[in-house]
Amino acid sequence: MKIGILSQYPELYSTRRLVEACERRGHEAVVINALNCYMNINSVKPSIHFEGADIGHIDAIIPRIHAKITFYGCALVRQFEMMGVYAANESIAISRSRDKLRALQLLSRQGVGMPITGFASKPNDIPDLINMVGGAPLVIKLLEGTQGIGVVLAETKTAAESVIEAFFGLKANIMVQEYIKEANGSDIRCFVVGDKVIAAMCRQGPEGDFRSNLHLGGTAQKIKITPEERRTAVAAVKAMGLGIAGVDILRSSRGPLVLEVNSTPGLEGIEKTTDIDVADRIVEHVEKAVAARKGKRHVIA
Ligand code: ADP
């Protein structure tokens, strides 16, 4: 097969590992920078041009769309779908997971556990917003934040009020969330491929930090997750409609709570921590999915 890896960064660990896995399994891999593609949208033969020429036949794509280019990246994935190319993560599913509120609403509709979360657009009743999620301590998150940046723990109601006021003053979109103290500065990353958790690790934040992000100095170790955690991770990915995703879960006294479903999960941390060949499992999944859809007609929404 010819497999397109939609990534702006060919030198990145995740991209390199996917290319290697494709080649090891006998496929041709091509790294496609979405920003270098342009699309011909017409009702007869939609096409994509890449680096000056028609991109030609591609059997499958593995989108690795960076959050900064979600809009254009999703449009490109959709164009591939219109051309009948299998996408390991569909454009609609990537869009759902990128909108943090929409994602939480979808999870809540499917009954997937999550921390109680509040969202407001006008700051006229901050105390009520705080009470709605159970009062202080609480976590305030910038909607546009990633890798733990813009995630603040407010220990008291007064601190929460002033942080929320400050964020609203800057016209930032925020959500407020119940603080899950029992998680103890750690969370679980479940790597889901298809309908299975194929690898899981526990991340622990540095001493004194409630955030477990590896980019902020957290450490990771391999763990065995419970059947309930496994079910929760798979249900969360299904709610988004994704094929490949990283699900971040907090261990709470009322069971697993999903924080986020990431449609471009990094491979480096999970492979190095668990010694599992995640890239190989992804390509194997793509092979099976492409084989299963042969002969079927595809309807594009
Ligand atoms: P980002 O997407 O920027 O990484 P997250 O929502 O995943 O932001 O938060 C970063 C980290 O902060 C999480 O991995 C977790 O360790 C911690 N955290 C986030 N929300 C909560 C919460 N409600 N209760 C306790 N810890 C939390």
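As shown above, the structure is provided for reference.
This write-up is about the structure you can find in this document. Predicted, not measured: the structure shown is a model, and the values here were computed from it.

**Observations regarding the packing of helix α1 (residues 13-24) against helix α9 (residues 278-293)**
Across the interface, α1 lies against α9 with an axial gap of 8 Å and an inter-helix angle of 55 degrees. With respect to each other, α1 and α9 are oriented oblique. In terms of crossing hand, the pair formed by α1 and α9 is right-handed. Facing α1, whose interface residues are Arg17, Leu18, Ala21, Cys22 and Arg24, α9 presents Ala279, Asp280, Ile282 and Val283. Looking at side-chain class alone, the contact of α1 with α9 contains six nonpolar, no polar and three charged residues.

**Side note on the site of the ligand**
Of all residues adjacent to the ligand, which total 19 residues, the nearest are Lys141, Gly148, Glu178, Asp187 and Asn213. With respect to the ligand, the backbone of Ile180 contributes an N or O atom lying 2.9 Å from a nitrogen atom. Out of a free accessible area of 540 Å², the ligand has 95% covered by protein chains. Counting only elements with at least two residues in the shell around the ligand, the list comes to β9 (138-142), β11 (174-178) and β16 (255-262). Across the shell around the ligand, the residue classes break down as seven nonpolar, six polar and six charged.

**Considering the packing of aromatic side chains**
The geometry of an aromatic ring pair is captured by the separation of the ring centres together with the interplanar angle, meaning the angle of the planes. Going through the model one piece at a time under the given rule, you end up with one aromatic pair. Taking the centre distance of 6.0 Å and the plane angle of 85 degrees together, the rings of Tyr179 and Phe210 count as edge-to-face. One end of the pair, Tyr179, is in the loop between β11 and β12 (186-193); the other, Phe210, is in the loop between β13 (196-204) and β14 (219-222), with 31 residues separating them in the sequence. We classify Phe210 as partly exposed; its relative accessible area is 23%.

**Structural notes on the packing of helix α3 (residues 91-98) against helix α4 (residues 100-109)**
Where α3 contacts α4, the axes come no closer than 5 Å and their chain directions differ by 100 degrees. Taken as axis vectors, α3 and α4 run roughly perpendicular relative to one another. Along the contact surface, α3 presents Ile92, Ser95, Arg96, Ser97 and Arg98, while α4 presents Lys100, Arg102, Ala103 and Leu106.

**Thoughts on the sheet that holds strand β4 (residues 47-50)**
Spatial strand order, β3-β4-β5: three strands in an open sheet with antiparallel pairing. Bordering the open sheet on either side are β3 (37-40) and β5 (53-54), each of which pairs with just one other strand. Looking at chain direction, β3 and β4 are connected through four bridges and run antiparallel. Counted as the bridge partner of Tyr38 is His49 from β4. Docked against the sheet, helix α2 (residues 70-82) engages β3 and β4, running at close to 50 degrees with respect to β3.

**With respect to the pattern of salt bridges**
Per the stated rule, a full pass over the model turns up 16 salt bridges. Among the ionic pairs, Asp280 bridges to Arg24, the shortest N-O distance being 3.5 Å. Residue Asp280 is located in helix α9, and its partner Arg24 is located in helix α1; the two are separated by 256 residues in the primary sequence. With a relative accessible area of 16%, Asp280 lands in the buried category. Classification of Arg24 as partly exposed rests on a relative accessible area of 48%. It is possible to trace a salt-bridge network through shared partners that takes in Arg17, Glu20, Arg24, Arg25, Glu271, Asp277, Asp280 and Glu287.

**Quick notes on α1**
Every α-helix carries 3.6 residues per turn, so stepping three or four residues along brings you back to the same face. With twelve residues, α1 should cover 16 Å at 1.5 Å per step; its first-to-last C-alpha distance of 16 Å lies within 8% of that length. When α1 is considered as a whole, its buried residues turn out to be Tyr13, Ser14, Thr15, Arg17, Leu18, Val19, Ala21 and Cys22. The elements touched by buried residues of α1 are β1 (2-6), β2 (28-32), β6 (60-63), α8 (268-274) and α9. After α1 finishes, the residue Gly26 shows a positive phi value of roughly 90 degrees.

**Section: the sheet that holds β11**
Strand order in the open sheet formed by four strands is β8-β11-β9-β10, with antiparallel pairing between adjacent strands. In the strand order of this sheet, the two ends are held by β8 (117-119) and β10 (151-154), each with one partner. Strand-to-strand twist in this sheet, taken as the mean axis angle between neighbours without regard to direction, amounts to 25 degrees. Bridge count between β9 and β10: four bridges; the pairing is antiparallel. Residue pairing across strands places Lys141 opposite Val151, the latter belonging to β10. Across the face of the sheet, α4 comes into contact with β8, β9 and β11 while running at roughly 40 degrees to β11. With respect to the sheet, helix α6 (residues 157-169) is in contact with β9, β10 and β11, its orientation differing from that of β9 by roughly 10 degrees.

Reading guide: rules and limits
Residues numbered from 1 in each chain as written. Predicted model: local features only at pLDDT ≥ 70, side-chain atom pairs only at ≥ 80, totals over all residues. Heavy atoms only, no water. Axes fitted to C-alpha atoms, helices over the stretch in contact; angles between N-to-C directions. Helix = DSSP H or I, 4+ residues; strand = E, 2+ residues; numbered from the N terminus. Parallel < 35°, antiparallel > 145°, perpendicular 65-115°, else oblique. Left-handed = near helix turned anticlockwise from the far one by under 90°. Contact = heavy atoms within 4.5 Å. Nonpolar A, V, L, I, M, F, W, Y, C, P; charged D, E, K, R; others polar. Near = heavy atom within 4 Å. Polar contact = N/O pair within 3.5 Å; in protein donor to acceptor, adjacent residues only side chain to side chain. Areas by Shrake-Rupley, 256 points an atom, 1.4 Å probe, with all protein chains shown as cover. Phe/Tyr/Trp six-rings, centres within 6.5 Å; stacked < 30°, edge-to-face > 60°. Buried < 20%, exposed > 50% of the residue type's maximum accessible area, 1.4 Å probe, protein only. Pairing = 2+ DSSP bridges. Salt bridge = Lys/Arg side-chain N within 4 Å of Asp/Glu carboxyl O. Expected span 1.5 Å × (residues − 1).

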